[in-house]
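Structural characterization, general
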Amino acid sequence: MGFPDRIERTVELAHPPEKVWAALTTAEGLGTWFGTAGAQIDLRPGGSAWMRWDEEGFTADMRVERVEEPAVFGYTWHIYGLPEEDPRRTYVEFTLEPSGAGTRLTVVESGFAQLPGDVHRKAFDGNTEGWAKELGELADYLDAA
Amino acid sequence: MPPDIEAVAEQVFTALADPTRRAILAALASGGPATATDLAGRLPITRQAIAKHLALLAEAGLVTAEPGERRRVRYRLRSAPMQVAQQFLAALARDWDGALGALRDHLDRGAG
């Protein structure tokens, strides 16, 4: 398959799951090793979170999906590069397993190849007409003023 | 996985592999819908060559033909296939190795 739907990595970390969990699920942790300019997280399923990168001036908005301390942390986020209004998101899940005195951490990000028919159609229609529609609305707005 | 997603991405990358087609797509992206004649006036390519490439791009769903002024066909960029290609690029650009390396450094510094 040439179009990867999922990315998977496993790393061995020389720290217990509790410490790794804190790095993954707290604003202090996420805003330091992942984002470079702070983060915020409401750690419960459905909770919102964000991380910011200064150099790129970029903020990633996330939605917390799974919280099973200290073993599973999952969230969804926007597919980088797609328009903000595109509903497609990838799902990221961290799994922490004790490994000796440390932790075996697995991260799986999936959903890169999703393309449900209705979303496909919406993306086509929405974006081919996007600018023409916006400009039409601007013209209407100006005409009314 | 829908069966067509890879085919859609492949058509985008095939289209972008050719400099003339890149120039046509870039012109439509920056300047909006245009006829083959408009494009021939803006690009250092013959109208015949442009028409040939536009037909190929339309066949691949990367541009759509629509009626323009004076019964000329205008071509409009179709963004959805580009977004499929972007999904592929997003997967390649996602730097989990870098992020996990940063996590390891963060923990080893004792900050975790």
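A quick note: this is a predicted structure, and the numbers were derived from the prediction, not measured. (Residues numbered from 1 in each chain as written. Chains lettered and ligands numbered in written order. Predicted model: local features only at pLDDT ≥ 70, side-chain atom pairs only at ≥ 80, totals over all residues.)

Here the focus is the environment of Arg104 of chain A. All names here are of chain A. Positionally, Arg104 belongs in strand 7 (residues 102-110). What makes Arg104 partly exposed here is the crowd of 16 C-beta atoms within 10 Å. Between the C-alpha atoms of Arg104 and His15, which are 89 residues apart in sequence, the distance is 9.4 Å. In this structure Arg104 touches Thr10, Glu12, Glu97 and Ser99, once residues within four positions along its chain are discounted. (Helix = DSSP H or I, 4+ residues; strand = E, 2+ residues; numbered from the N terminus. Buried ≥ 20, exposed ≤ 12 C-beta atoms within 10 Å, placed from the backbone. Contact = placed C-beta atoms within 7 Å.)

On to unusual backbone geometry, then. For the bond running from Glu69 of chain A to Pro70 of chain A, omega is -5°, close enough to zero to count as cis. Tracing the backbone through its elements, the reader meets Pro70 of chain A in the loop between strand 4 (58-68) and strand 5 (72-78). Residues other than glycine seldom take positive phi values, yet Arg70 of chain B does so here, at roughly 50°. Note on placement: Arg70 of chain B falls in the loop between strand 2 (63-67) and strand 3 (73-77). A positive phi angle is found at Arg71 of chain B, which is not glycine, with a value near 60°. Residue position: Arg71 of chain B is located in the loop between strand 2 and strand 3.

Once that is clear, we can look at the sheet that holds strand 5 of chain A. The strand order across the open sheet built from 7 strands is 1-7-6-5-4-3-2 (chain A), with neighbouring strands paired in antiparallel fashion. Strands at the two margins of the open sheet, each flanked by one partner only, are strand 1 (6-13) and strand 2 (39-41) of chain A. If you compare each strand with its neighbour and ignore which way they point, the axes differ by 20° on average. The sheet contact formed by strand 5 of chain A and strand 6 (residues 89-99) of chain A spans 7 bridges and is antiparallel. Considered in strand 6 of chain A, the bridge of Gly74 of chain A is made with Glu93 of chain A. Here helix 1 (residues 17-25) of chain A sits on the sheet and contacts strand 1, strand 2, strand 5, strand 6 and strand 7 of chain A; the angle it forms with strand 6 of chain A, its principal contact strand, is near 160°. Running over the sheet, helix 6 (residues 96-108) of chain B touches strand 1 and strand 7 of chain A and is turned about 20° from strand 1 of chain A. (Pairing = 2+ DSSP bridges. Axes fitted to C-alpha atoms, helices over the stretch in contact; angles between N-to-C directions.)

A separate point is the pairing of strand 2 of chain B. All names here are of chain B. The sheet contact formed by strand 2 and strand 3 spans 5 bridges and is antiparallel. Note on strand 3: the bridge partner recorded for Thr64 is Arg76. Where strand 2 folds back on strand 3, the antiparallel hairpin that results is connected by 5 residues, among which Arg70 adopts a positive phi of roughly 50°.

With that settled, consider the interface of chain A and chain B. Contact with chain A, which involves 31 residues of that partner, is made by 31 residues of chain B. Elements with a minimum of two residues in the side of chain A that touches chain B: strand 1, helix 1, helix 2 (27-34), strand 7 and helix 3 (117-144) of chain A.

Right, let's talk about the sheet that holds strand 3 of chain B for a bit. Sheet strands associate in pairs through backbone hydrogen bonding, adopting either a parallel or an antiparallel arrangement. Residues and elements named next belong to chain B. Taking strand neighbours across the sheet as the criterion, the 3 strands line up as 1-3-2 in an open arrangement whose pairing is antiparallel. On the outer flanks of this sheet lie strand 1 (34-35) and strand 2, each paired with one strand and no other. Along the sheet, helix 4 (residues 47-59) contacts strand 2 and strand 3; its crossing angle with strand 2, the most-contacted strand, is approximately 110°.

A few words on the packing of helix 2 of chain A against helix 6 of chain B. Packing of helix 2 of chain A against helix 6 of chain B leaves a shortest axis separation of 9 Å and a crossing angle of 120°. Of the possible angle classes, the one that applies to helix 2 of chain A and helix 6 of chain B is oblique. As helix 2 of chain A runs across helix 6 of chain B, the sense of the crossing is right-handed. Here Thr32, Trp33 and Phe34 of chain A of helix 2 of chain A lie close against helix 6 of chain B, whose contacting residues are Ala99, Ala102, Leu103 and His106 of chain B. Taken together, the residues of the contact of helix 2 of chain A with helix 6 of chain B break down into 5 nonpolar, 2 polar and no charged. (Parallel < 35°, antiparallel > 145°, perpendicular 65-115°, else oblique. Left-handed = near helix turned anticlockwise from the far one by under 90°. Nonpolar A, V, L, I, M, F, W, Y, C, P; charged D, E, K, R; others polar.)

Moving on to the environment of Ala17 of chain B. By the element assignment, Ala17 of chain B lies in the loop between helix 1 (5-16) and helix 2 (19-31). For the pair Ala17 of chain B and Arg109 of chain B, spaced 92 residues apart in sequence, the C-alpha separation works out to 45 Å.

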